[in-house]
Amino acid sequence: MQLAGKDARARLLLTALALTAGLTGCAASYRLDDPKVAEVAPVSVLSPMWQKDLVEPEFMEFKPQQWATAAFGQGGVLYVGSSARRFMALRASDGLLLWSLNIDGAVSSAPLVHAFSKTVYFGADDGHMYAVNSETGEVRWKYATQGTIKPRPALHQGALIFSSSEGRVYALDAATG
């Protein structure tokens, strides 16, 4: 038994050495001083057109993670939520805040924009699915679940379909909830 244990340890040590040598070889082959590898990007690529803080800085400078994904609507409007418990409409050309809606939970789901009904649908960590007027930010309806809603909802033949962390899939009337 001891011989088998020594053989296993020897094989493990050899595997670790081989991996270390292989990784060292990979690292050594990528050189930042090689002009073919480390080309500098043009300044226009590195400069954002605009940026917008999704969370206001606090006294103690808490930096929450932002998981929300933005969606574009008609007229160059960008819709995005934040961990600061609000959902916003921004002008995509310059980041100007068009409207903001305070809700009871962080928004980490990607919104679904339905241009015909002028409605934005999104889920939140407060367990609600929201239907909001895309032009004004007015809540048309909200539906309570027993879990958080992270995935982007889908729309099919007038039904808004989404899932929540409680392990359920819902299909609601998209117009009335």
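Placed above this text is the structure.
As a starting point, this report considers the structure included with it. Here the structure is a predicted model, which is why all the values come from computation and not from measurement.

### Quick word on the sheet that holds strand β11 (residues 168-173)
Here comes step 1: The antiparallel open sheet is built from 3 strands, whose spatial order is β9-β10-β11. Only two strands of the sheet have a single neighbouring strand rather than two, namely β9 (154-156) and β11. Across this sheet, the average inter-strand angle for adjacent strands is 30°, counted without regard to direction.
Here comes step 2: Pairing of strand β10 (residues 159-164) with β11 involves 6 bridges; the strand directions are antiparallel. Residue pairing in the sheet places S164 in a bridge with R168 of β11.

### Observations regarding the sheet that holds strand β8 (residues 139-144)
Here comes step 1: Here 4 strands make up an open sheet; going across it, the order is β5-β6-β7-β8 and the pairing antiparallel. Each of the sheet's edge strands pairs with one partner strand only, and the pair in question is β5 (112-114) and β8. Averaged over all adjacent pairs, the angle separating strand axes in this sheet is 15°, with direction ignored.
Here comes step 2: Relative to β8, strand β7 (residues 128-133) runs antiparallel, the two sharing 5 bridges. Pairing of Y130 across the sheet is with K142, part of β8.

Quick notes on the rules
- Per chain, the residues get numbers from 1 upward, laid out in the order the sequence is written.
- Reporting of local features is limited, given that this is a predicted model, to residues whose pLDDT is at least 70; pairs of side-chain atoms are given and counted only at 80 or more, and all residues count toward the totals for whole chains, interfaces and linings.
- Here the side-chain values reflect all heavy atoms present in the structure, with hydrogen atoms and water set aside.
- Two strands are said to pair when DSSP picks up at least two bridges between them.
- Secondary structure elements are taken from DSSP: a helix is a run of H or I of four residues or more, a strand is a run of E of two residues or more, and numbering for both begins at the N terminus.
- Geometry is summarised by axes, namely lines fitted to C-alpha atoms with helices restricted to the contacting stretch, and by angles between N-to-C directions that run from 0 to 180 degrees.

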